[in-house]
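Chain residues, written in single-letter form:
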Amino acid sequence: MEACALNDFYTPAQRARFLSAVSSRRSVRVYRGTPDVEQLSALNYAAARLCLPGVRIAIGEGESESLFRKLPGIERISGASRYAAVIVKEEVPHAAVHAGISGEAVVLAAVSRGLGTCWVASFKRSGINVGMEYGEKVLAVTPLGVPGGEGAGRKRKKLSEICAGDPTVWPLWAYNAAECVRQAPSALNLQPWRLSFAGRTLVLTRAAMGGSLDMGIAMLHMSLGVGEKPHLMRWGEGKEIASLIAEDRI
Ligand SMILES: Cc1cc2nc3c(=O)[nH]c(=O)nc-3n(C[C@H](O)[C@H](O)[C@H](O)COP(=O)(O)O)c2cc1C
C-alpha cells in the first residue's frame, strides 16, 4: 500500500503544538475581534508551510455576513473579518483528503495561538476574494478571529461506538490515536469514522456519509494521537481510508 504524504511532513515541534490544541479546539461561531499582527503573521506562515500536495490555504479579508450562510438550528457565524480558504487542485491524487489534513493543521495552529476557528463547508463562493488559479476549487473556509464566546461545546460518540472491538485492550498508542480521532471536528458532527485494530495495525474506515475532508481531519488526529512514537501511515482501499503502524522500529 502507498505511504501517505503526511508521514514526517510536520516537524515534532509542529505536531506537539497541534496536539496541545486538540482538546481546547471547538467550533467558534461568534467573534469579537481580528487577529493581531503577530497572530496574522503566524497564520500566514502556517498557511504557507502546512499544506500537503494539491492544497493551498489562503488567508482572506471579508465580513462573516458576506461569506457564511445561516444554517437551520446552528448559530450564525458573525464578527470575524478574516478567514482561511482551503483550496484544492482536484487532479492531484488525494487532494481532497490532503485538504482535510492541511486545513486541520492550520486550524490547530490558529487555536494554539488563541484564535477561534470553525470548519465551514456551507459558504458563499461569491464572498471568497483570495484570487483563484485555473483548476482550483475552494472546499471549505474557516473564520479566524478572537473568540466571542466559549462555543457550544462538543458532543461526541463514546469510544466504544467508533471502535470495532475493545480499544482498552489495544496498545496504548492505538488507544490514544483513536481517542484523538474521537475529538476531531466533522461535518454535521456525524463523526463518520470507525477504527479497528488487527495484528500490529490501526485501521481508519469511512462510515456512511463521511466526506474526504472529514477523513483527512481524522487522519491528522490519528497521527497526532500516536505522539512521538515513530509511525507509518498508508493509504487503504475502498471504505478503508488509511492504516497506521507504530512501533519502536517500523
Ligand atoms: C468538513 C466540515 C464542514 C463543516 N461545515 C460547517 C458549516 O457549514 N457550518 C457550521 O456552522 N459548522 C460546520 N462544521 C462544524 C461542525 O458542525 C463541528 O465541527 C461539529 O459540530 C463538532 O463540533 P466542534 O467542532 O465544536 O467539536 C463543519 C465541520 C467540518 C469538519
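For the structure, check the block above.
Residues numbered from 1 in each chain as written. Predicted model: local features only at pLDDT ≥ 70, side-chain atom pairs only at ≥ 80, totals over all residues. Heavy atoms only, no water.

**Q** What is the right way to look at the overall build of the protein in this model?
**A** Per the secondary structure count, the protein includes seven helices and nine strands. Rg of the C-alpha trace for the protein: 17 Å, near the compact-globule value of 18 Å for 250 residues, within the 12% margin. C-alpha atoms of the protein, sized along the principal axes, occupy 50 × 35 × 35 Å. Per-residue burial for the protein yields a buried fraction of 50% across its 250 residues. Here the analysis covers contacts within the protein between residues at least 6 apart in sequence; of these, 71% occur between residues at least 24 apart. With an accessible surface of roughly 11,600 Å², the protein has 52% of that area assigned to carbon and sulfur atoms. The positive charge centre, built from 30 side chains, and the negative charge centre, built from 23, are 4 Å apart in the protein. (Helix = DSSP H or I, 4+ residues; strand = E, 2+ residues; numbered from the N terminus. Rg over C-alpha atoms; globule rule 2.2 N^0.38 Å. Buried < 20%, exposed > 50% of the residue type's maximum accessible area, 1.4 Å probe, protein only. Contact = heavy atoms within 4.5 Å. Areas by Shrake-Rupley, 256 points an atom, 1.4 Å probe, with all protein chains shown as cover. Lys, Arg positive; Asp, Glu negative; His and termini not counted. Charge placed at Lys NZ, Arg CZ, Asp CG, Glu CD.)

**Q** Got a minute to help me understand the side chain of Gln-183 in this structure?
**A** Looking at the element boundaries, Gln-183 is found in the loop between helix H6 (172–182) and strand E6 (193–198). Excluding its chain neighbours within four sequence positions, the residues that come into contact with Gln-183 are Val-22, Ser-23, Arg-25, Arg-154, Arg-156 and His-221.

**Q** When you look at the sheet that holds strand E9 (residues 240–246) in this model, what are you seeing that I'm missing?
**A** Read from one edge of the open sheet, four strands run E6-E7-E9-E8, paired in antiparallel fashion. Each edge of the open sheet carries a strand with a single partner, namely E6 and strand E8 (231–235). Neighbour-to-neighbour, the strand axes of the sheet open up by a mean angle of 20°, direction not taken into account. Relative to strand E7 (residues 201–206), E6 is paired through six bridges, and the arrangement is antiparallel. The residue bridging Phe-197 from the neighbouring strand is Leu-202, located in E7. (Pairing = 2+ DSSP bridges. Axes fitted to C-alpha atoms, helices over the stretch in contact; angles between N-to-C directions.)

**Q** What is the right way to look at the site of the ligand in this model?
**A** By nearness alone, 20 residues border the ligand, and Arg-25, Ser-27, Arg-29, Trp-119 and Arg-156 come closest of all. Here Arg-25 contributes a side-chain N or O atom positioned 2.9 Å from an oxygen atom of the ligand. Here Arg-156 contributes a side-chain N or O atom positioned 2.6 Å from an oxygen atom of the ligand. Considering the ligand on its own, with 620 Å² of exposed area, one finds that the protein chains cover 91% of that surface. Class assignment for the residues of the shell around the ligand results in ten nonpolar, four polar and six charged. (Near = heavy atom within 4 Å. Polar contact = N/O pair within 3.5 Å; in protein donor to acceptor, adjacent residues only side chain to side chain. Nonpolar A, V, L, I, M, F, W, Y, C, P; charged D, E, K, R; others polar.)

**Q** Can you walk me through the packing of H6 against helix H7 (residues 212–225) in this structure?
**A** When two helices pack together, their arrangement is given by the angle between the helix axes and by the axis-to-axis distance. Interhelical geometry of H6 versus H7 gives an angle of 145° and a closest axis separation of 7 Å. The crossing of H6 and H7 is right-handed. Note on element contacts: H7 touches H6 through Ala-218, His-221, Met-222, Leu-224 and Gly-225, opposite Trp-173, Asn-176, Ala-177, Cys-180 and Val-181. Along the lines of polarity and charge, the residues of the contact of H6 with H7 split into seven nonpolar, three polar and no charged. (Left-handed = near helix turned anticlockwise from the far one by under 90°.)

**Q** Before we go on, may I ask you to explain the pattern of salt bridges in this structure?
**A** Any two side chains of opposite charge can pair, so long as their charged atoms come close to each other. Counted according to the given criterion, the structure contains five salt bridges. When the shortest N-O distance is used, the salt bridge between Arg-182 and Glu-179 registers 3.0 Å. With a gap of three residues between them, Arg-182 and Glu-179 both fall in helix H6, about one helical turn apart. (Salt bridge = Lys/Arg side-chain N within 4 Å of Asp/Glu carboxyl O.)

**Q** Hey, could you run me through the state of the cysteines in this one?
**A** Across all of its chains, the model carries zero disulfides by this definition. Its sulfur unpaired, Cys-118 is 19 Å from the next cysteine sulfur, which belongs to Cys-180. Take Cys-118: its relative accessible area is 2%, and that puts it in the buried class. Cys-163 forms no disulfide, and the closest cysteine sulfur to it belongs to Cys-180, at a distance of 13 Å. A relative accessible area of 7% places Cys-163 in the buried class. (Disulfide = S-S within 2.5 Å.)

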